[in-house]
Amino acid sequence: MPTLLHGIEFLCLGLWLGSDVFLSFVVAPGAFRVLGSRDAAGAMVGFALGRMHLIGVICGIVFLLARLARTRAFASFVAPVALCVVLMIALTVASQVGVSPKMAMLRVQMGSIQATAQDSPLLAEFSRLHRISVSLESGVLLAGFAGIYLMVRELATAGS
């Protein structure tokens, strides 16, 4: 049973990290390259980002539950790998609840990002929020890479 639960932990972290890498480096650039307008591409990426956030939070919760079931100790939540996952959840929730709705509201107010004047305060605020969103997602990626490394190290240490 511990091996299965450890496998679930790896699967959850791997799925979350993989979906984040795929969205960041394939879906987002592809949408802006292939779709006819920046507005359509932004809508596509926003839709995918919302779904990825939901999947990520679910993976994070399942990871923590599997870890608790495997170790049978709440102290395992303060292990570095668990703290990475908690950080990933916090950054994802901050992005989904704090940043994404504001960006969506600005998109509606502008009507079209593509047609909005470059000196528009709405566009400036949208760009600022976009930078925050990218920073939060970068934090999730870095915490995920650290988490994978720490899980492998944890497994190697246990096997020694």
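Now for a look at the structure at hand. The shown structure was predicted, so the numbers you read here are calculated from the model rather than taken from an experiment. (Residues numbered from 1 in each chain as written. Predicted model: local features only at pLDDT ≥ 70, side-chain atom pairs only at ≥ 80, totals over all residues. Heavy atoms only, no water.)

In this section: the environment of Arg128. If you trace the backbone, Arg128 turns up in helix α4 (residues 121-159). Distance from Arg128 to Ala28, taken between C-alpha atoms, is 18 Å for residues 100 residues apart in sequence. (Helix = DSSP H or I, 4+ residues; strand = E, 2+ residues; numbered from the N terminus.)

Glancing now at unusual backbone geometry. Positioned with a positive phi, Arg72 is a non-glycine residue whose angle comes to about 55°. When its relative accessible area of 74% is taken as the criterion, Arg72 is described as exposed. (Buried < 20%, exposed > 50% of the residue type's maximum accessible area, 1.4 Å probe, protein only.)

What follows covers the pattern of salt bridges. By the definition in use, this model includes 5 salt bridges. With a closest N to O distance of 3.0 Å, Arg67 and Glu9 form a salt bridge. Of this pair, Arg67 sits in helix α2 (residues 38-71) while Glu9 sits in helix α1 (residues 2-34), and the two are 58 residues apart along the sequence. Glu9 carries the same exposure label as Arg67, and that label is buried. (Salt bridge = Lys/Arg side-chain N within 4 Å of Asp/Glu carboxyl O.)

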